[in-house]
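Below are the chains, spelled out letter by letter.
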Amino acid sequence: MTARTRIATLLASLTLLLAGCSGGGDGADDGRITLRFQSLAWQEESVEATRELVREWNAAHPDVRVEYVQGSWDSVHDQLLTSFEGGEAPDIIHDASDDLADFAYGGHLADLTDLLPERLKSDIPRRSWETVTFGDGIYGVPFLQEPRVLIANADLLKESGVRVPTPEDPWTWAEFRQVTKRLSGDGRYGVAWPLKEPVSATLNLSLSTGGQLFHRGADGKVTVRFEESDQVVPRTIRDQVDTDHSASPTTLGSGGSDTLPGFFAGKYAMVPLGFSYRQQIEQQAPDGFDWQVLPAPAGAGGLTQGVSPQTLSVAEDSPHQKEAAAFVDFLLRPDNMVRLALGDWMLPTGTQALADPALHTPERGWATGTALAGHLRPAPAQSVRGYPEWKDKVATPALQEYYSGAIDTDELRQRLEEDGNLVLARYQR
């Protein structure tokens with residue numbers, strides 16, 4: 001090794017040492033604590049609301065500075081896994097509840113049971129806390145949630161003369177199928193299902209028909225059973241595409257945003273979307289386009305839907321868990337939770353925030369969404385270890401092939417159950 005190489009190596013090692021001393025939530029040179037907060041806010045309004053709250057915290061807490069770090073929903077699971085294994089996880093972690101099970105059981109997230117104030121615990125309903133409870137611990141705070149709704153072309157609904165559903169009197173799944181047939185014709189489809197990511201939509205909507213899919217035995221182990229109640233929603237979609245020709249076959253591989261140009265052009269009368277898509281529709285809809293928000297169809301389970309709330313967690317390796325939990329509490333005060341909900345066009349989990357008048361206006365469908373909040377339940381896969389792998393390797397390709405007509409219901413059942421249970425078994429030994 002040359003002298004120049006030895007000097008370069010020494011400088012590189014010194015740089016890494018200094019970075020390790022100043023980052024990752026450690027105290028800075030001036031004695032202040034610095035917490036890294038990885039946010040997944042992505043819409044302009046939600047990013048600004050989140051950044052503004054960070055600035056307000058920093059102004060009021062000079063000894064505990066929060067550093068905003070921008071993350072991405074597209075890569076958050078793998079990115080967090082890498083950061084946990086490398087000891088570089090952010091102190092405060094923004095994620096979704098259905099992504100937490102493996103991290104919680106793997107010891108990467110702090111148990112917040114004794115770190116959260118009673119105010120926050122009592123304000124959020126028990127059903128929401130169930131989405132972040134694994135074993136005897138609480139590993140995140142659920143703070144934003146959204147029902148799936150039907151975004152409809154109001155003019156086409158009026159012209160067709162169909163009954164317009166409300167949360168008090170929704171369509172049944174059978175009625176929904178008939179309505180989409182009436183709305184079809186002249187080059188138009190009654191509905192466009194954007195099912196590029198089909199698992200969450202299928203499982204969560206199937207709670208309305210009594211579907212469960214994941215069954216936990218007395219030994220605590222989970223198995224997959226694709227029963228009649230689980231089949232109502234996927235069969236309805238398949239029939240709309242193949243039999244009724246009331247659903248567009250070309251949008252099955254699309255994301256929600258991809259369907260909006262066709263929706264605005266009148267190619268589709270309705271699009272089932274997450275509640276937050278209203279922001280994109282409001283921003284992108286052409287002048288004069290009249291749209292409205294309708295509840296998703298109801299079945300034997302009523303309007304019940306599965307939901308995986310957005311969450312805030314604290315890393316187990318954070319040396320400042322108490323301070324991180326205090327920041328989470330600040331971020332989720334009722335007024336602040338309303339600001340985050342409005343910025344993301346979603347619903348807050350907190351009961352005080354949910355009562356805010358701004359969330360009950362009929363404009364842009366806020367009142368319809370708020371009326372559905374009490375029907376939201378933990379997503380079926382919420383506490384299932386191995387769910388991300390099951391979803392990516394088994395359920396997503398199987399459902400995509402089913403909706404495209406490549407396999408029938410029996411083969412779908414076989415793949416979800418047999419292949420799926422092999423995957424889950426590896427996580428439950």
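Figured I'd write up the structure that's included with this text. (Residues numbered from 1 in each chain as written. Predicted model: local features only at pLDDT ≥ 70, side-chain atom pairs only at ≥ 80, totals over all residues. Heavy atoms only, no water.)

1. With respect to the environment of V241
Mapped onto the secondary structure, V241 falls in helix 10 (residues 228-242). Sequence separation of V241 and L252 is 11 residues, and the distance between their C-alpha atoms is 9.4 Å. Ignoring any residue separated from it by four or fewer positions in sequence, one finds V241 in contact with A247, P249 and L252. (Helix = DSSP H or I, 4+ residues; strand = E, 2+ residues; numbered from the N terminus. Contact = heavy atoms within 4.5 Å.)

2. Brief notes about the sheet that holds strand 12 (residues 291-295)
Judged by pairing direction, the sheet is mixed, and its four strands sit side by side in the order 8-11-7-12 without closing on themselves. A strand with exactly one partner marks an edge of an open sheet, and here the two such strands are strand 8 (189-191) and strand 12. Averaged over all neighbouring strand pairs, the angle between strand axes comes to 30°, with direction disregarded. Bridge analysis of strand 8 against strand 11 (residues 268-274) gives two bridges, and the strand direction is parallel. From the neighbouring strand, Y189 faces strand 11, where its bridge partner is Y268. (Pairing = 2+ DSSP bridges. Axes fitted to C-alpha atoms, helices over the stretch in contact; angles between N-to-C directions.)

3. What about the pattern of salt bridges?
Counting across every chain of the model gives 17 salt bridges. A salt bridge links R225 to E227, with the nearest nitrogen and oxygen atoms 2.9 Å apart. Take R225: its relative accessible area is 37%, and that puts it in the partly exposed class. Using a relative accessible area of 32% as the deciding quantity, one classes E227 as partly exposed. Three or more residues joined by partner-sharing salt bridges are found here, namely E48, E52 and R55. (Salt bridge = Lys/Arg side-chain N within 4 Å of Asp/Glu carboxyl O. Buried < 20%, exposed > 50% of the residue type's maximum accessible area, 1.4 Å probe, protein only.)

4. A word on the environment of E175
Structurally, E175 is set in helix 8 (residues 173-182). For the pair E175 and R163, spaced 12 residues apart in the sequence, the C-alpha separation amounts to 9.8 Å. Not counting residues up to four positions away in its chain, the partners in contact with E175 are R163 and P170.

5. Structural notes on the packing of aromatic side chains
Taken as a whole and assessed by the stated rule, the structure comprises 20 aromatic pairs. Of the aromatic side chains, those joined through ring pairs into one cluster are F37, W57, Y68, F327 and F330. Above the face of the W366 ring, R278 is positioned so that its terminal group lies 4.1 Å from the ring centre. (Phe/Tyr/Trp six-rings, centres within 6.5 Å; stacked < 30°, edge-to-face > 60°. Lys NZ or Arg CZ within 6 Å of the ring centre and 35° of its normal.)

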